[in-house]
2 protein chains.
Amino acid sequence: MSTRKFCLAVLFCHDATGYEIRRIAGEGRFAFITEAGYGSIYPCLSKLESEGLVTVSEEFAPSKPPKKIYSITNIGKEAFVNELMELPAHDTFRSPFLLVSLFAQYLDADFIARAIDAREAYLRDKLSELRAQATECCNPASQWTMEYGITTLTASLEYLQKHRSRLEEIAREASSQPQAAE
Amino acid sequence: MSTRKFCLAVLFCHDATGYEIRRIAGEGRFAFITEAGYGSIYPCLSKLESEGLVTVSEEFAPSKPPKKIYSITNIGKEAFVNELMELPAHDTFRSPFLLVSLFAQYLDADFIARAIDAREAYLRDKLSELRAQATECCNPASQWTMEYGITTLTASLEYLQKHRSRLEEIAREASSQPQAAE
DNA sequence: GCTCACATGTAATAAGTTACATGATTTC
DNA sequence: GAAATCATGTAACTTATTACATGTGAGC
């Protein structure tokens, strides 16, 4: 149901094609909603249309692929707001990296260093993207939400930078001695 | 594949039944791995057994339901470590609450206040549970990982406490005036 | 000439969630 | 006596992911 809400959320703000909705997924103010691909978005838009929550208008530009521009209807807006008005489920936060860190002592030190590097780079990218979008944006609720994201990502990046050496050491120490299961 | 890794991770540390694995899901050092239910765990354990990564021993205590205690095999340990030794995928963080905050201006102020209250309570609970587990635990990698979680949850809770009034005001202001779409 | 961005979609597969089905023991 | 905890599992359903399939135009 999360792709559904995401599509409605985007269309609530402005008309868009499936392609555009896909591009927005996981970025800016939608960073923490979903990262749906085409395979979820296109079928979802068709379903929303059949339910009357959105309408489509096709645009045939000469010598360009035809576009389907989706708009949310009043019924769609109402449905969306109603769906939001239930106490939101709690966050799902899943981190394959934290599974790696949990078993750092059984993995090699080089690998751990590379995994940390990759994570640091990723967090930095996400952060700069979010910061850029946040300064551009003038809607107060969007700004509040993006600042929330910036705050938590910053905390995450700072922890990683401050404490990465400790994790790297755990991996180094373990690989230099015979290992025993915990 | 995440339930699979989670089961192997738990069994890497100690033997357990499906029921126990379920209880550990989403708690302590496994807080950020998965929150799988019985419906994922039991079939997963059967599959791991058929692959030879774990073994089962049944325990028939008189006047108690029979238990199936799973143990990881050497092949299982090896497979697990090998699966971890690929650069971890990036985190997935999905927050239904942040979708609500994004549209705060269209929702009623009371509802926003309740949603924030619920989130604050949830974060506080998660944090105290994690802190309790972190002090009990003496494995350095587990501790590093839990402190990571504590750091980000703390940042999240602090943001919410400091800035909740701004979000509440957005909802209040909007409901007192005629609304226009963004 | 090649690759990237634009643009839409389907089909097969994998995975997870929910509800169902059962039953003993312990705690209030 | 009721509710919660321990304990296992299946079946149906929903959802998301991946790969496939196709085609144009712009920039290098």
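What comes next is a walk through the structure. Just so we're clear, the structure is a prediction, and the values are computed from it rather than from any experiment.

**What about empty space enclosed by the protein?**
Then comes step 1: Across all of its chains, the model carries 3 cavities of 30 Å³ or more by this definition.
Then comes step 2: Roughly 540 Å³ of internal volume is contained in the largest cavity.
Then comes step 3: Around the largest cavity, the lining is made up of 34 residues, and of these F93(A), T152(A), D91(B), F93(B) and T152(B) lie nearest the centre.
Then comes step 4: At the level of elements, β3 (92–94), α6 (109–136) and α7 (140–176) of chain A together with β3 (92–94), α6 (109–136) and α7 (140–176) of chain B are the ones that each hand at least two residues to the lining of the largest cavity.
Then comes step 5: Sort the elements by how many residues they give to the lining of the largest cavity and α7(B) lands first, with 5 residues.
Then comes step 6: Across the lining of the largest cavity, the residue classes break down as 17 nonpolar, 8 polar and 9 charged.
Then comes step 7: Here the second largest cavity defines a volume of roughly 60 Å³.
Then comes step 8: Along the walls of the second largest cavity sit 10 residues, with C13(A), R29(A), N139(A), L102(B) and F103(B) positioned nearest its centre.
Then comes step 9: A class-by-class count of the residues in the lining of the second largest cavity yields 5 nonpolar, 3 polar and 2 charged.

**What about the relation of the copies chain A and chain B?**
Then comes step 1: Relative to chain B, chain A is turned by 180° and slid 0.0 Å along the rotation axis, the superposed coordinates differing by an RMSD of 0.1 Å. What we have between these two chains is a two-fold relation. Nearest to the rotation axis, the C-alpha of F93(A) is located 2.2 Å from it, this being the minimum over chain A.
Then comes step 2: When the interface residues of chain A are mapped onto chain B, 100% of them again fall at the interface, so both copies present the same face.

**So, helix α1 (residues 2–13) of chain A**
Then comes step 1: In this model, α1(A) (12 residues) spans 17 Å end to end at C-alpha, consistent with the 16 Å of a helix rising 1.5 Å per residue.
Then comes step 2: The buried fraction of α1(A) amounts to 10 of the 12 residues, a majority that puts the element mostly inside the structure.
Then comes step 3: Taken together, the buried positions of α1(A) are T3(A), R4(A), F6(A), C7(A), L8(A), A9(A), V10(A), L11(A), F12(A) and C13(A).
Then comes step 4: Here the buried face of α1(A) lies against α2 (18–24), α3 (38–50), β1 (54–59), β2 (67–72) and α4 (74–84) of chain A together with α5 (96–102) of chain B.

**Focus: the interface of chain A and chain B**
Then comes step 1: Tallying the contact residues gives 67 residues for chain A and 67 residues for chain B.
Then comes step 2: Taking both partners together, chain A and chain B bury about 6700 Å²; carbon and sulfur atoms supply 68% of that area.
Then comes step 3: Considering only the side of chain A, the residues that lose the most area to chain B are W144(A), Y148(A) and Y159(A), jointly responsible for 12% of the buried surface there.
Then comes step 4: For the pair chain A and chain B, the number of links is 4 salt bridges.
Then comes step 5: The partner of D91(B) in a salt bridge is R119(A), and the shortest N-O contact between them spans 2.8 Å.

So, how was this worked out
Residues numbered from 1 in each chain as written. Chains lettered and ligands numbered in written order. Predicted model: local features only at pLDDT ≥ 70, side-chain atom pairs only at ≥ 80, totals over all residues. Heavy atoms only, no water. 1 Å grid on protein atoms, 1.4 Å probe; cavity = no way out; pocket = protein on both sides within 12 Å on 5 of 7 lines; lining within 4 Å. Points joined across faces, edges and corners; volume = space filled by probe spheres on them. Helix = DSSP H or I, 4+ residues; strand = E, 2+ residues; numbered from the N terminus. Nonpolar A, V, L, I, M, F, W, Y, C, P; charged D, E, K, R; others polar. Least-squares fit on C-alpha atoms with pLDDT ≥ 70 in both. Contact = heavy atoms within 4.5 Å. Expected span 1.5 Å × (residues − 1). Buried < 20%, exposed > 50% of the residue type's maximum accessible area, 1.4 Å probe, protein only. Buried area = accessible area lost by both parts, 1.4 Å probe. Salt bridge = Lys/Arg side-chain N within 4 Å of Asp/Glu carboxyl O.

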